[in-house]
Structure formats: structure tokens, C-alpha cells
Protein chains: 4
Amino acid sequence: MRYLSAGESHGPSLLGIIEGLPAGLIIKEDYLNQQLARRQGGYGRGGRMSIEKDRLKILSGVRFGKTTGSPLSLMIENRDWLNWQKVMSTDPLDETGERKVTSPRPGHADLAGGIKYLQRDLRNVLERASARETAVRVAVGSIASLLLAHFKIVSAGFVVAVGDVQASSRGLELNAGVIKEKTADSLFYCLDKEAEQLMRERVDQARERGDTLGGVFEVIVEGLPPGIGSHVHWDRRLDGRLAGALMSIPGIKGVAIGLGFEAAGKPGSLVHDPIVLDENKKIRRTSNNAGGLEGGITNGEVIVLRAAMKPIPTLTKALSSIDLATGKIRDAVVERSDVCAVPAASVVGEAVVNWEIGKAFMEKFSGDSMTEVEMAWQSYMNLVKDYLGEIKI
Amino acid sequence: MRYLSAGESHGPSLLGIIEGLPAGLIIKEDYLNQQLARRQGGYGRGGRMSIEKDRLKILSGVRFGKTTGSPLSLMIENRDWLNWQKVMSTDPLDETGERKVTSPRPGHADLAGGIKYLQRDLRNVLERASARETAVRVAVGSIASLLLAHFKIVSAGFVVAVGDVQASSRGLELNAGVIKEKTADSLFYCLDKEAEQLMRERVDQARERGDTLGGVFEVIVEGLPPGIGSHVHWDRRLDGRLAGALMSIPGIKGVAIGLGFEAAGKPGSLVHDPIVLDENKKIRRTSNNAGGLEGGITNGEVIVLRAAMKPIPTLTKALSSIDLATGKIRDAVVERSDVCAVPAASVVGEAVVNWEIGKAFMEKFSGDSMTEVEMAWQSYMNLVKDYLGEIKI
Amino acid sequence: MRYLSAGESHGPSLLGIIEGLPAGLIIKEDYLNQQLARRQGGYGRGGRMSIEKDRLKILSGVRFGKTTGSPLSLMIENRDWLNWQKVMSTDPLDETGERKVTSPRPGHADLAGGIKYLQRDLRNVLERASARETAVRVAVGSIASLLLAHFKIVSAGFVVAVGDVQASSRGLELNAGVIKEKTADSLFYCLDKEAEQLMRERVDQARERGDTLGGVFEVIVEGLPPGIGSHVHWDRRLDGRLAGALMSIPGIKGVAIGLGFEAAGKPGSLVHDPIVLDENKKIRRTSNNAGGLEGGITNGEVIVLRAAMKPIPTLTKALSSIDLATGKIRDAVVERSDVCAVPAASVVGEAVVNWEIGKAFMEKFSGDSMTEVEMAWQSYMNLVKDYLGEIKI
Amino acid sequence: MRYLSAGESHGPSLLGIIEGLPAGLIIKEDYLNQQLARRQGGYGRGGRMSIEKDRLKILSGVRFGKTTGSPLSLMIENRDWLNWQKVMSTDPLDETGERKVTSPRPGHADLAGGIKYLQRDLRNVLERASARETAVRVAVGSIASLLLAHFKIVSAGFVVAVGDVQASSRGLELNAGVIKEKTADSLFYCLDKEAEQLMRERVDQARERGDTLGGVFEVIVEGLPPGIGSHVHWDRRLDGRLAGALMSIPGIKGVAIGLGFEAAGKPGSLVHDPIVLDENKKIRRTSNNAGGLEGGITNGEVIVLRAAMKPIPTLTKALSSIDLATGKIRDAVVERSDVCAVPAASVVGEAVVNWEIGKAFMEKFSGDSMTEVEMAWQSYMNLVKDYLGEIKI
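Residues numbered from 1 in each chain as written. Chains lettered and ligands numbered in written order. Predicted model: local features only at pLDDT ≥ 70, side-chain atom pairs only at ≥ 80, totals over all residues. Heavy atoms only, no water.

## Quick word on the interface of chain A and chain B
To be explicit about the condition: The contact definition used throughout considers only heavy atoms, calling two residues in contact when any of these lie within 4.5 Å. Accessible area that two parts lose when put together, evaluated with a 1.4 Å probe and summed over both, is termed the buried area. By convention in these notes, a salt bridge is any Lys or Arg side-chain nitrogen within 4 Å of a carboxyl oxygen on Asp or Glu. Definition of a polar contact: a pair of N or O atoms within 3.5 Å, with one able to donate and the other able to accept a hydrogen when the atoms are protein atoms, and with sequence-neighbouring residues admitted only if both atoms are side-chain atoms.
Taken residue by residue, the interface counts 111 residues in chain A and 113 residues in chain B. When chain A packs against chain B, close to 8600 Å² is buried across both sides, 65% of that on carbon and sulfur atoms. If you sort the residues of chain A by the area they bury against chain B, Trp234, Lys253 and Tyr387 of chain A come out on top, with a joint share of 11%. Counting across the interface, chain A meets chain B through zero salt bridges. Across the contact surface, chain A and chain B share 44 residue pairs in polar contact (both at pLDDT 80 or more).

## Overview of the packing of aromatic side chains
Note the cut-off: Here a pair means two rings of Phe, Tyr or Trp (six-membered ring of Trp) with centres within 6.5 Å. Their orientation is stacked below 30 degrees between planes, edge-to-face above 60, and tilted elsewhere. Put simply, DSSP marks the helices as runs of H or I at least four residues long and the strands as runs of E at least two long, and each gets a number from the N terminus on. Accessible area is worked out with a 1.4 Å probe on protein chains only. A residue is then buried under 20% of its type maximum, exposed over 50%, and partly exposed in between. For a Lys NZ or an Arg CZ to count as sitting over a ring, it must be within 6 Å of the ring centre and within 35 degrees of the ring normal.
One pass over the structure, following the stated rule, counts 30 aromatic pairs over all chains. Taking 5.6 Å as the distance between ring centres and 50° as the angle between the ring planes, the aromatic pair formed by Tyr43 of chain A and Phe188 of chain A counts as tilted. On the criterion of sequence distance, the pair formed by Tyr43 of chain A in the loop between α1 (29-40) and α2 (48-51) and Phe188 of chain A in the loop between α6 (176-184) and α7 (193-209) is long-range, its members being 145 residues apart. As far as the burial class goes, Tyr43 of chain A and Phe188 of chain A line up, both buried. Across the ring face of Tyr189 of chain D, the terminal group of Arg38 of chain D is positioned such that the distance to the ring centre comes to 5.9 Å. Over the face of the ring belonging to Tyr117 of chain D we find Lys116 of chain D, whose NZ or CZ atom lies 5.7 Å from the ring centre.

## Some words on the nonpolar core
This is how the line gets drawn: In this text, buried Ala, Val, Leu, Ile, Met, Phe, Trp, Tyr and Cys residues form a nonpolar core when linked through side-chain atoms within 4.5 Å.
Phe361 of chain A together with Phe361 of chain B are the most contacted members of the largest nonpolar core, which has 202 residues in total. Among residues more than four places away in sequence, those in contact with Phe361 of chain B are Leu147, Leu148, Phe151, Ile153, Ile228, Val373 and Trp377 of chain B. Grouped together as the second largest cluster of nonpolar side chains are 200 residues, Leu246 and Tyr387 of chain C together with Leu32 and Phe217 of chain D included.

## Overview of the interface of chain B and chain C
The extent of an interface is frequently quoted as the accessible surface area lost upon association of the parts. Our working definition: Amino acid classes used here: Ala, Val, Leu, Ile, Met, Phe, Trp, Tyr, Cys and Pro are nonpolar; Asp, Glu, Lys and Arg are charged; the rest, including Gly, are polar.
Of the residues lining the interface, 24 residues belong to chain B; the matching set on chain C comes to 24 residues. Both sides of the chain B and chain C interface together cover about 1800 Å² of buried area, and 47% of this is carbon and sulfur. If you sort the residues of chain B by the area they bury against chain C, Lys364, Glu372 and Leu383 of chain B come out on top, with a joint share of 24%. On inspection of chain B and its partner chain C, the count reaches eight salt bridges. Two residues, Glu372 of chain C and Lys364 of chain B, come together in a salt bridge whose shortest N-O distance is 2.9 Å. Those elements that place two or more of their residues in the side of chain B that touches chain C are α10 (342-364) and α11 (370-388) of chain B. Class assignment for the residues of the side of chain B that touches chain C results in seven nonpolar, nine polar and eight charged.

## Points about unusual backbone geometry
Residues apart from glycine generally show negative phi values, whereas peptide bonds are mostly found in trans. Of note in the backbone geometry, Phe64 of chain B takes a positive phi value of approximately 50° without being a glycine. Structurally, Phe64 of chain B can be placed in the loop between β4 (62-63) and β5 (66-67). Judged by relative accessible area, which is 11%, Phe64 of chain B ranks as buried. Phi at Arg99 of chain C takes a positive value of approximately 55°, unusual for a residue other than glycine.

## A closer look at the sheet that holds strand β3 (residues 56-60) of chain B
Residue and element names in this part refer to chain B. Convention followed: Strand pairing is assigned whenever DSSP detects at least two bridges linking the two strands. For helices, the axis comes from a line fit to the C-alpha atoms of the stretch in contact; other axes are also lines fit to C-alpha atoms, and the angle between any two N-to-C directions lies between 0 and 180 degrees.
Read from one edge to the other, the open sheet built from four strands follows the order β1-β2-β6-β3, with strand pairing classed as antiparallel. Single-partner strands in this sheet number two, and they are β1 (2-6) and β3. Between one strand axis and the next, the sheet turns by 20° as a mean value, whatever way the strands run. For β1 and strand β2 (residues 13-19), the ladder comprises five bridges, and the chain directions are antiparallel. Counterpart to Leu4 in the pairing with β2 is Ile17.

## Regarding the sheet that holds strand β8 (residues 165-166) of chain C
Sheet architecture is open: ten strands sit in the order β8(C)-β7(C)-β9(C)-β15(C)-β10(C)-β10(D)-β15(D)-β9(D)-β7(D)-β8(D), paired in antiparallel fashion. Across the chains shown, the open sheet's two edge strands, defined by having one partner strand only, are β8 of chain C together with β8 (165-166) of chain D. Pairing of strand β9 (residues 215-222) of chain D with strand β15 (residues 303-309) of chain D involves seven bridges; the strand directions are antiparallel. Considered in β15 of chain D, the bridge of Val221 of chain D is made with Ile303 of chain D.

## A short note on the relation of the copies chain B and chain C
Our working rule: Superposing the copies works by least squares over the C-alpha atoms of residues that have pLDDT at least 70 in both of them.
Superposing chain B onto chain C requires a rotation of 180° together with a translation of 0.0 Å along the rotation axis, leaving an RMSD of 0.0 Å. Such a combination of turn and shift is consistent with a two-fold rotation axis. In this assembly the copies share their binding face: 100% of the residues contributing to the interface of chain B also contribute to that of chain C.

## Let's talk about the packing of helix α3 (residues 110-117) of chain A against α11 of chain B
Rules: Working definition: roughly parallel below 35 degrees, roughly antiparallel above 145 degrees, roughly perpendicular at 65 to 115 degrees, and oblique for all remaining angles. A clockwise turn of the near helix away from the far one marks a right-handed crossing, whereas an anticlockwise turn of less than a right angle marks a left-handed crossing.
Put simply, α3 of chain A and α11 of chain B touch, their axes get as near as 9 Å, and they point 120° apart. One element, α3 of chain A, and the other, α11 of chain B, form an angle in the oblique class. Crossing of α3 of chain A over α11 of chain B shows right-handed handedness. Taken together, the residues of α11 of chain B that come into contact with α3 of chain A (itself represented by Gly114, Ile115 and Lys116 of chain A) are Tyr380, Val384, Tyr387 and Leu388 of chain B. Per-class residue counts for the contact of α3 of chain A with α11 of chain B are five nonpolar, one polar and one charged.

## Overview of the packing of helix α1 (residues 29-40) of chain C against helix α10 (residues 342-364) of chain C
Residues and elements named next belong to chain C. The N-to-C vectors of α1 and α10 enclose an angle of 140°; their axes lie 7 Å apart at closest approach. With respect to their mutual orientation, α1 and α10 come out oblique. On the side of α1, the interface is formed by Gln35, Arg38 and Arg39, while α10 contributes Ala344, Val347, Val348 and Glu350. Taken together, the residues that form the contact of α1 with α10 break down as three nonpolar, one polar and three charged.

As C-alpha cells, then:
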């Protein structure tokens, strides 16, 4: 499985092509649109979110509700494009310099991207660097989650901190279904109602100050069998692949698995998860500090990932910057933006984890039809049972 | 540039093949061997380190001290193999069950890898999952650093925490050369002499208890021009690639860029690095919280990365585990190991960062000979100068 | 550079996403549409070609006529879709079995693809296996040719045989510009007017018989400097890459470089192209039997490639087949088709060669903007000049 | 599955690392060494073949005769290196200019490679461009064939032409086992004893003239189920992949599948292979002109591939060339070489086909252990049986 995405924030549409999906996967468009809506939700969003009500159009690879094995292409139209057609035109004759950007925002790709691609109009950078691109990542990841759900592999993303407000529980004792339910009701996709209240206050205060806030979200994945990922070559380790996927989400500056940075401060005897057998000879761990990954491989426990998002780099109270056109100091451009997008980021995080795990899953249980994938998976489960003998997982 | 590595911990040798190096790169074997020695050093290592004095043999791709453009292959012999020839034999007749492992160590690949590959003898997993494989990663990364050094791009890894002992300074005010010098003198590759003393005590205490310790290291990279990595597609973002590379080092559970998790707790106005001009119209940042990466692209500031290593999973005071051969509870096997390998991990971290940055550098400044790469780099530097006009970087 | 394509023959549209184009490339939509029209032309086409007048829509990656460095996405709408909306619907409720195909055509992907993806309706295979997909390949390859044209690298495809009619000259003495001009006037994109007349007769005869015809086309590429491709690793050889690209065009069963199969029958003294110097000390070859590639690398001579296309597998006079629904012998389904598509294949061949060479060119002269690519190319040309000293290329 | 190869013709050794082999594959070293010996055999070889008796050393990835899932690394030592240690030294101090090459051989990588990598000593090119590298490709491909043989998939390469001598039969009526037996007895790995006699005469004549000869070989693959490769994306088509692999063998200038170029000259009614059912309702084709591949997918028939090899470019009666050191016309360097290496090429061809098919096989029937691969394969075979109902394959 592989995919490419395309599209600018104010262009006609965002596009994705997924190649390598097995045939026979049921594509629930409603579910995919719900995920797109989740990405657009959460407290602290700006005006754009009320313009766009993202809806997916599937242009190929699906017939009568099921994948055919051919590349699945999807499009999400930008409604706002109607107001930007001239500015974003592909026609050379339309160039007027309207909405040209020459003053890069600190924290964004503007300056580095402008230099890299030698673009005088930084709009050519920021239109693609915009987090709007993550809509495709949510669509693509949600399609992967349809595949995983077939095997009862379910992930759930939720917010554990906004600014300096930490939620009291991480929800590890809850299962993914319950988490999904609870976050659906929450303005911050958060499991701690009291913290949520404080988060709201902080976001309101930040908005008033023309400031922005970041936070931390967590993604858990339930139902994975042991054996996804591999220790045999560094680039096949699932821990590295998941960290890479999460860190590539705009704004993410830290990624942790299981105990994460806390693991560095404790002795081995308190970090590693002892292996015991319960009364039915089922393997159990008395803790899950590894977050479900040992040696870069799933160990059968719940995957626990955490990512830190920096505050949105577009501040209403603009930061100091320069003007590349004049060579002078000037405030950074202010492009319409959110005050806090951590809830949205938790949805994107869930999606990229679904994609990466779906990909690793298909590498192990490859097949050209869902039936074939299912049988490969079932065979492995039987082999593992035989391998373990009296012991169960 | 790409590479594959091979080799088991107690097999005859570790091997690597690097494909895609430009011709004309001067290969300093002494330097490479020094890096291998650094990886073997640091306080807290076990007995293996005194057996092996890793030395690199270059088997192809280099003639008269310079690369030819052909694949560079390298070998690091395992001296300990002499004692393991029968146990690690490729000959079917040699199988005796000697040193067979059936009791997986929590925290290691043993259990998940055994299940995945259906191996009755977990040695077939642990021999490859062993951190000994990182010797190749150090060799490969150090070769990339020879390439980068040609462009005055220098990285330095150092330890900032061991167990609960935090070093007082992160050394960001120091340059890479000074850091290299100072860590060379330190038992823990650490810049804080007082912390080092405490670290030593903690390691001694842990060893006495049969326990192990983790820690945190940092890698900085100086001298990168703006424009390495890209925002245009998620898998080309340098932040994601670096995080993936670091998280794929055995034992790493957390990765951070710049402020990392701290960035999540502060408002945008205190996180983003304002762009100012100094008296010579040179772009400066009044802070480097982004750690040199904005929008997944280098912005010209120092790259700052941090990784958290969990304690070594092989404890002398073994953790509870099971015996896959008997189906009963049993203590985990005890394979000779270190008490603390955070200093070594800092060397591996530096190496994988060098490799990933070298790769991204070559993607931008491709060329089949060093002269060609140099001219591509010089052209870009001139273009950037033109682009910025009066402003300088 | 990489791309993915998507789309079915009777779906709403064909799509492509190209990732990795440098910024600043001028995209001439007229030129691209001309290439699409060329693919639809040639004598011997069926009814579909009069329904579709392919036009490209660029959806991202281009602003004011130039690439921005962001992924370029393109769409070609299928006008015929209006008549197929129900049949090709993504909605599960629309499934009626209309136009279901259960009888596979020999020579097509139908049977093997149906088995592979376990599809009861072979339409789910043939819609994607249809040569209509090559419209995207032409679009993508033509974009690469815009890049190459900037460096005066020009390719030209033309037909050298249709059925048993061989054109008398291969046009190697002509340059690409002249070939393009002459083929534009030809019903068969052929340089031999007399042969063309015979080809037309053969196609008319075949149509009357309900039969189809194949043929041979040639693609030449002028202007490549020596040094594209590499001998150092098998998968970097340009000969292998070009052969793979050509053989992956539907219907191609043979690929040749330079003398091709004839080279096998002659002694080395008559095959290898002697290197001589002309009066200006310019390197010349007294022949070009190697077709411009030695050791998998361009040698500065014209690239000469040839591909054999089998006859179209959909015959009006259907071949014997089976019915997978009934398990009985039955004639193959007849899907609207062409009698001869060799002229179109020559356009597709030219396009895939442009893509593959464009990719190899960008691997050597990478850069994020056209200016940067140009400087990398110029630097190399200067280095080669220095390298050769008095000798010139 | 992926691999990298390394090593020069007169360096210490050739190396390969294969990553992605399933665990539990039995590695028969004797078989692998036989294949290496076959590559060294055949009538018409030069002196080098009597110096080297290639033997494989496996350095990792295999324990007690079976793969473990870890990267398999292999080494083939160059015995001739003993005579070349100074010339091929990695030590800067050893550079003396001994055996420096400045006069490129037409037909070889020498000139293009020298320019590309800016090498004054063309030995830095020819040492890697040497066909000696194909020893690794034979080793790697033979390991893939061990995997395939487990599923009764067997390939056989044999020579069908040397110079202007064509063998009378192509052996398609023979199975792979018989072909292997018959070619083992043949000086030219050819099935036609009379042609063999003529081939020998032609080689003797060529040697006397200081000339060289090429030829054509064929590779067939038996036992593949329908469904390997895919029509859904151009780069997944097995026809393109196989053509790319064959064309990347040094000296190959033409590749054909099934009827190949002949298919271009015949009408569709005589080219496509009708699908019929025999008395047991088993699918049969009344011909195999497609060579087992339709739509880029295996269709269950025997795969038939053919490749044309040009004559060896090193002639004792050297061709005209230039001297890059003096800028003057001069005869090409004469490096020890063969008169005819088509038999060897047929072994390499068989090997690269095995690798590529093994790779495609593993993409469909992925698994981390042979047992798992076997079960995936078995599941698919059962699904295909169900899919076809009364019809059988």
C-alpha cells in the first residue's frame, strides 16, 4: 500500500490516490465523512472550518460500495476556492500579485520553503504547507481503519493536554470504543471533563490575547496480534515508522511510545513489563510501559503513542519577521487560522497511525482480496496458537 | 543513497553495503574506527565491550583512499565468534540445542520476534535484535558524516540524563566541535561534570542491584543551509524522517525536536522563534525553540534533537517471564549485557542523524562525484544569496 | 520524481499525481492536450476515440502557468461516463448486474485478473486494465518532456511496422524535430509514405475480417549528455529501466535497444561502435549500434529504442473462451475497441521514455527549482569539458 | 524482499545482502555453488574462469541450514585478488598508476562511466561494470529459486542462438527438469546438439580472428499460479519487471515475452491464445504465444522469456578508441575476457528471473516463515478453486 496526496489550501480540491488496497473492502463513505468532520471540529477553530464542510468524493477504485483492487482516488473539494479562483489560477494571464505574501511567519514553512523553492510569493509555499492537507491524511487513514476494523483492530485518538492544562487520566483503562464515545461528546476530544473546562478557558484567554495554544494527544490501538513490524532491519521497525508518521504531522515536535521520556528516568526493574500467565495460561503483562512495542514489533498489548503539538504559528498578534520584498523588518503576515487545533491533530494522529499500521498489517498479511487477507491472518493466528502450545495470547 | 545491514551479534561479522555515495569522497578509516570505539565506550558497559575492539574493513567501493561511486561494503568482525562457531553455525549438522533460549526477556524483541518468525530458539531473534547491529549504523552514519563535514556540517551527540540525574546545561551555547572535545573526556559523554559524578554513582548502584538504567541524549547539527527536507509531501519532511531514524534505535521510546514536549505547554508567542535582522542584515532568531526545523525543512538554525532511552532490558536480577518450551512461568534468560548504554546510544543517535541528513542533503545536491555535489551546493548557496538580496543568512 | 495514476475506462475520470517536480517549470497546457490528442489519433481506432476528446485539468501544483514544487495533480474526464454512471457507480444500491462480464478475452488481463482479485464481474478488471489508462501516462510523460525540452533533450516516437508491413527507413538520419513534423502528417505516425498506404490497406482488411493488427514503433531521444543512468547497481541501469517502462505498456511483448536482437547475430567487430575523433577533436562514433547506451549509461549518442506491440486482444470475430458464470465454453466478450493502436502506442512509448529519462535526469541534476536544476546541469557540463581536456563531446 | 550487491572484479570479494527472506527456508549451499559453477562454464570462456572457482560463504541470516528471517549476507571471494592487492588497494599510499586504464572500450561502460564519475583511471569504472558482478546476481537469484522450488515453481535457462547459429527447437515442449538435464551436458547450454557443433566452430573462428560473439537465450518458468503481477498500476506489471531485470544484465540489448517481435507481424486471430476446456473442465490454451503473461499478470501457462546478448565488448583485435590521458586516437585497452558468454548469460538470466518472480511471489504470499508463506499460498489456491467452480486450472 502506498499513496500520494496533492492539493493546496485554497485550490479547487485536495486529492489522494491510494494504490494497493485489496479488493472487496467495503467503503463506508459516511464513516469517512464523519472522520473528516471530526478533523474540522474541536474547540478553538477559526473561521475556515465554518466555510468548509469536507465531503469525500471517490473517483475510482470502488464499485458498488467495494474496492476492486484498482487505485482508489479521492477528492475533497475546497468550497472556499470560489473566492480564490483568480488568486490560485493556473493561467499565466491571471497573475496580479493579489494576496501575495512576502513576510514569513515564524514557526511555519514560509521562510525555509520560500528559500528552498526560490519563491517570491510565499503563498506558493504556505498553500501546500497548510494543515488543510491533513484532510487527505485523515481520509486515507480512515480507509486503512476500515480495513483494520475488519480484524477488530481499532484505534482511538484523544487529547491529554492543552497548553498547561493536563487531563487527569490517560484513559488507558478504557477501551477504544468507549474512548471514541466519550471524545465525541467533548469539545476537546478529551476524557477528563474538568480539564476540558479549564482548556476552554485557556483557549478563550489565548484568543483574546491574539495568541495560540498547543497540547498533547494520545493514540491507542487495540487488537493487534503480536508480530507486526520487525527487528531485522532498522527501517522495518514499527516504532520508527509510527514515530516518523506522527512527527510528520504539521506542528508536532515530540513523539513518545508507552512511558516515553519517563522511561529514561526509571530503573529497568520498574520499566520492563513482566510476562506472566493468568489462570487460563494466557500471557499477561502486569504493566504496559512498552506501549505495545518491543524490538520494533507489536507484542500483543495495546499500542500507546503520544505526540506533542506546538501552538499554531499564525498569531493574530503577529510575531516579528522580515519582508523579503523590501529587506526590512516587518510583522509576519496573518493568515486566517485557529487558536488551538490539538483536537483536530488527535484525529490526524489517529489517521496516520491507522495508515502506518494498515500498511504494516498488509505487508504481513498481503493479499489481493479481503478474503485472501483474512485467510492469511487466520492462518497466522493458528500458527501462533500452535507455536505457543498450552500458552495462549 | 541507501544501505542494507546484516549480521548477528555472535556471528562471524557485521556487514553493510552503501549504494549511492558520490565518487571522490575521502574515506578516513581512522576516523571511522574512532567512532566505532566511541560506540563501545562510556561508563556502564558489560564484558562484551572488552572482547570486541571493533575495526572496520572496507571490501569495495574505495580505491586509494577515495570512493569510486561503486557500492561501498564494510565488514566489522566479531572477535567473540571464535567462541560461538558451533552455536552460530550455518551447517545443519551442527545443531545441538546448545545455548538455546526459550525464555523471552521483557522489553526485548524475544517474545514478539519468536512468535512472528515462529522460532523455537529465541536466539534466532535476539542475535539480530541485539544492539550490536548498531555498530553498522555507526559505521554507515560516520561515512555520511565525512560527506557532510566537507560542507562544514557537523553533528554532535551527548548525554543529558542518566536515570534520574539530569545534566544542568544542554550545551546549546556550545558549538559541535567543543561538544565533541568535552564529551571525549567524559565517562558519560556528558557536558556537566557534576552530573557525571552522580550518574556514575547511579550506575554503580544499579549494577549492585542487578538493575539497569536509561537516559536521554541530544544530537545537534550545525552548518545546514535552509532548504533541506520539504513540506510538499509528508514523507519528505525532515522532522518525520529524523524522528523515525531515532525511534528505530533499540531502546528509544521518545523523540523530541527543539522544545519538544515543552512546546505543547506554552503559548505561541513564547514558542515561535521571531525572525530579526542583525546590524549586517543577517537573519537571526532570538530563540531556537523549533530546533532548526520549520514545516519539515531546515531553516538555517542548529538542528536540536533529543531521544529518551529506556533501561537495558537484560537485568542480572531477571524479570518474570515464561518458558516457551515448558509452558511455565520462569525467569527471563540472562544474556551478558550492559548496565547503562546511554553514552553509546548518543553515538548511535549521532550516526543515524548523520545518515538521514546526508541522504536528504544528497537528494537536494545530487551528483556522482564530490566535485559535482560541491558545485550543486555552491550554486544553491549563490541562488539563495540572490533570492534574499540585501538580507543575508 | 514519482507518480501514481488512477481511474477506470468508464469511470468519471482518470487522475494522476506527480510528486517531485522542481518549481518554476512552465506548464504548457496546449502542448499537453496536443499529446493527448496524438494518443487518440492514428488510423485504425474504434468509436471511443470520437466520443472522448481528452483534455487535461490541472488541479494543483501549478500557479500562474508554473509549477510551485507542490504535487501536480491532473484529471482527464471521461465524457463517456455520462452513459455509464449507473454501471460504474460507487453506490452499493446501484448494483444490477448490467454489463457484467463473465467471459474473459484471451490476450487481456480478464481471466488472470479475475482470478487474482476474485472478481465475479470481470468488468472490475478490464475497466482498469483498459489502455485508456495510458492517457495519464501520456500526460505525465509529456510533463517530463517539458522539463527535458528545457535542456534541449527531445524524443520522438514513430511507427516502423504495422502487421507484416515494414517501413523502409528507421529515420535515424532524421532529427527528432523533423520526425515529429513528418509523423504529424501521417495516418500511422510513420516516416515511409509508401508503407503507410499498405498499412492502411492491411488495417481495412483486418477490420473487415473482424481481426486486429499489431506492429512495431521506435522512440529516439536526442540531446542527452553522457552519464545518465549508472553501471554501479543493476537497478540503476538506464537500459533496464527503459525496457521495464516500455514492456509495461499494454500489449508490448518485445523491447530492443539499438541493434536489439540483430546484435546477437553479428561479431563484436561489427557491433561495437568505434570511438573516433573528428577534425575538431570531437568524439564521434562511426555507428550507433548500442543505441546510445553502454553499461546502462547514456554515452552521448542518440537513444534508440524499439518495441513490438501484439494485436489488440478484443476481436469483433471473438475468440474462443469460457463463461465463468456457467462453467461452459463461450465466445469472449466483445468490448468496443480499435483494429490497430500502434500509432497511439508510439505516443505512449514516447511518453514513458520521457518520464523515465526525466526521472533519471532529475536524479543526477536534482534541484527544487528549474534554476537550480539548470545550474547543476551546467556545472556538470563544465566538469565534463574539463575532464575531457582537448577532446570535446 | 530486496537486496544490494557490492564488489569489484579484482577486489577481495563480491558481496550481497538479501533482506526480507522468510524464516525456515532451507539453504542448500551445494546447489548455490553449482549455480555459480554453471555461470562460470560454457564454451568460449577466457582465462579468468580457470582462476576463479566461485564458492559462496554465508555470513549471516542462516543458522543450522535454515534462514532465520534476518538479512542473509553472502560473500564470494575473488581468488585473483591475491595478484591485484596493490592495484586494488583502499590505502591512499598504494597509488602508483599501475594498470591504469585511459583508453575506453567501445561497447563497455568505460567512457560513459568515466565521464559520469569523473574518473581519470577507467579501472574505477570497469572493475564494477565487469560481468563478474553477475556472480552475486546468480547467488541471489538461486536463493530465490530455493524458495520457489518449494512451491514447485522451476525455471530453466538455455541458449537458442550463438552468433548466426540458431538452435532448431526452443524446447517449449520440454519441461524445466529435462531442460536442466540436457543443458548440463551441453557446451553451450543448448538443446540442439547439431547447432551446438556449429556454435563451437563459430566460437573457435571468432577466437582466431580476435573477435567475439553474442547470442540469444531463453528462460522458461513452470508452475506459477495465475495471479502473480498486477494490471492495476504500471510498475506492478510482471512483464515490465521481468523485462527490466533481463535488460539490466550486462550486454543484453533485446528482451521478448512469448512470441515477442513476431507477435507484431501477425493478426490477432493468430496471436491470442484461445481459452478452451479439456475433458476434465480444465482450462487449456491451444497456444502460448503470450508467454504466460496477460495484462502483466501470470495466467497459469509457462512463462517464456527471451533475451539477446550482444558480443563481448573486449576484443583481442582491439577496436578504435581514444586515449583520455593524451587526447589522441588509440586502440581500446584489452582486458582479459571471453569470446562468448551467452551460456553464462543464460544462467544469469535464469537467476534474475527467479529473483524477480520470487519477489512478486512474496508480495502476494507474504509471510515471515515458510510455513506462513505456504499457508497463504494454499489459501489462495483454495480460493481460486472455489472461484472457478466446476472449471479447474
